[in-house]
Amino acid sequence: MAWIRSKPFIWFILPGFLLYSLFSVYPIFSAIQISLTRWDGIGKKKFVGFGNYGELFSNPELFRQLTNALGHSATIFALNALVVLPAQLYLAYLIYGKIRGHRFFQAMIFSPQFIATPVIVFMGTLVFDGNIGVFNKLLETVGLGGWTRPWMGLPELGIYIVWLLVAWSGIGVGMIFFLGAMKMISGEIIEAALLDGASYWGRFFRIVLPQIKTTILNMLILTYIFAMTLFDYSFILGGASGGINRSVDVMALFFYRISFGDNSAVGGTTNVNAMGMGTTIACVMFVIVFAVALVQVALTYRRAED
C-alpha cells in the first residue's frame, strides 16, 4: 500500500487501463484462442492448433477469396494514398490560404460526414445506374452516348465504384486533419518566406509540407487501417457474397461471410467451423495491420530523432 501511496498517478491511469484491457486487449487474446479451435459458435470447441491457418492458406477456394479480398483492400488503400491524400492536402492548403469563400467550401467538403452510409450508396446508385444514372445521362448530353454502361453491374469496375463513394464521403476528414496541422505552423515562418519572395506553391512545397510530414505519415497509416477494415460500403452494394464474382469483396466482408454466412445478417449458410475460421481471418487481418503500424511507428520515431 505504501508503494501505491507513493505513486498516486496510478489511480488516474487504472480506470483507463482496465477499460482498455477489457475491451481491446482481452478480445485480441480471446480471438487468438478461438482461432486455434474448430468451432461453429454454439457447440463444443475442439482444439486444432494452427490447423485453421494451414487450411486458410492451403484450401484453394479460401485462399482465392483471401487474395481477392486482400487485393481489393490494397487497391482502395493505394488509390486513397495516391489520389485522395494529395487532394486532401491541396484542399487544406487552399482553405489555409483563405481563398474567397473558404469557410463555405470547408463546410461543404466536410458535410458528407453527416450523411449515413446507406444514403451515400443510394446516391451513388442514382449517379451510376445504367438506366436512370446521372452519369450516363451526362455522357449522352455531351455526345458520348456510346460510352454509356451499366456501371454498377460491371464486375471489373465494382471496387472502383466503392472507392469513389468512399473517397467522396471521406475526403473532408483528412482535409480537416491537414488544415489543423497547417494552422499550427508558426506565422513567423510564413512571414519570413513571404519577405524572401517565396511563391504561393513554393511555400507549400518548401515550408508547409516539411512542417506537417508527421501528420501526413499518421494520416497514411489511418488510411491503411481504414482500407483494411472497410465493410459497410461493400456489404450494402454487394451483400455478404461480395457482389458479382466477388467484385466488391474486401477483408472485413470476407471475415463476415465466413463467420456468419452468405444469406443473412444473423447466420445464413454458416459451416461447422464458422467461428474458428472466421477468427483466424480476423487474426490474419490484425497481423497485417499491426505489422504496417509498427513500420509507421519506427518511421515516425526516426523522423523525430532527425
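Computed from a predicted structure; not experimentally measured. (Residues numbered from 1 in each chain as written. Predicted model: local features only at pLDDT ≥ 70, side-chain atom pairs only at ≥ 80, totals over all residues. Heavy atoms only, no water.)

Focus on the packing of helix α3 (residues 51-58) against helix α4 (residues 60-96)
Piece 1. Two elements in contact, α3 and α4, have axes separated by 5 Å at closest approach and are oriented at 75°. What the angle tells us is that α3 and α4 run roughly perpendicular. Taking contact as the criterion, the partners of Glu55, Leu56, Phe57 and Ser58 in α3 are, on α4, Pro60, Leu62, Phe63 and Leu66. (Axes fitted to C-alpha atoms, helices over the stretch in contact; angles between N-to-C directions. Helix = DSSP H or I, 4+ residues; strand = E, 2+ residues; numbered from the N terminus. Parallel < 35°, antiparallel > 145°, perpendicular 65-115°, else oblique. Contact = heavy atoms within 4.5 Å.)

Observations concerning the pattern of salt bridges
When their charged atoms lie close together, side chains carrying opposite charge are able to pair.
Piece 1. For the structure on display, the rule yields two salt bridges.
Piece 2. One salt bridge connects Glu61 with Arg64, and the closest N-O pair in it is separated by 3.0 Å. A residue pair is termed a helical-turn pair when its members lie 3 or 4 positions apart in one helix, as Glu61 and Arg64 do in helix α4 at three residues.
Piece 3. On the accessibility criterion, Arg64 (40% relative accessible area) is partly exposed.
Piece 4. Residue Asp249 is joined to Arg257 by a salt bridge in which the shortest nitrogen-to-oxygen separation is 2.6 Å. (Salt bridge = Lys/Arg side-chain N within 4 Å of Asp/Glu carboxyl O. Buried < 20%, exposed > 50% of the residue type's maximum accessible area, 1.4 Å probe, protein only.)

Points about the environment of Ala107
Piece 1. Structurally, Ala107 can be placed in helix α5 (residues 102-110).
Piece 2. A sequence separation of 65 residues divides Ala107 from Gly172, and the C-alpha atoms of the two residues are 8.7 Å apart.

Things to note about the packing of aromatic side chains
Piece 1. Scanning all chains against the criterion turns up 20 aromatic pairs.
Piece 2. Their ring planes at 70° and their centres at 5.6 Å tell us that Phe104 and Phe105 sit as a pair that is edge-to-face.
Piece 3. Note on Phe105: relative accessible area 39%, which makes it partly exposed.
Piece 4. Relative to Trp201, the ring of Tyr200 lies with its centre 5.2 Å away and its plane at 85°, an arrangement referred to as edge-to-face. (Phe/Tyr/Trp six-rings, centres within 6.5 Å; stacked < 30°, edge-to-face > 60°.)

Concerning the environment of Met251
Piece 1. Within the secondary structure, Met251 sits in helix α13 (residues 251-260).
Piece 2. A sequence separation of 205 residues divides Met251 from Lys46, and the C-alpha atoms of the two residues are 26 Å apart.
Piece 3. Those residues in contact with Met251, other than ones at most four positions away along the chain, are Leu66, Ala69, Leu70, Ser73, Met228, Ile281 and Met285.

Quick word on the packing of α4 against helix α11 (residues 213-229)
Piece 1. Viewed as axis vectors pointing N to C, α4 and α11 meet at an angle of 145°, and their least axial separation amounts to 9 Å. Judged by the sense of rotation from one axis to the other, the crossing of α4 with α11 is right-handed. Residue-level contacts link Leu70, Ser73, Ile76, Phe77, Asn80, Ala81, Leu85, Gln88 and Leu89 of α4 to Ile216, Met219, Leu220, Thr223, Tyr224, Phe226, Ala227 and Met228 of α11.
Piece 2. Residue composition of the contact of α4 with α11, grouped by class: 13 nonpolar, four polar and no charged. (Left-handed = near helix turned anticlockwise from the far one by under 90°. Nonpolar A, V, L, I, M, F, W, Y, C, P; charged D, E, K, R; others polar.)

Observations concerning the UniProt feature "transmembrane region" (unreviewed entry) in the protein
Piece 1. Mapped onto this numbering, the UniProt entry annotates "transmembrane region" (unreviewed entry) at residues 9-29, 74-96, 108-128, 157-179, 216-236 and 279-301.
Piece 2. Helix and strand shares over residues 216-236 are 90% and 0% respectively, and the end C-alpha atoms of the span are 30 Å apart. (UniProt positions renumbered as here; feature names shortened; annotations may be inferred.)

Remarks on unusual backbone geometry
Piece 1. For Lys98, which is not glycine, the phi torsion reads 55° and is therefore positive.
Piece 2. With respect to the element layout, Lys98 can be found in the loop between α4 and α5.

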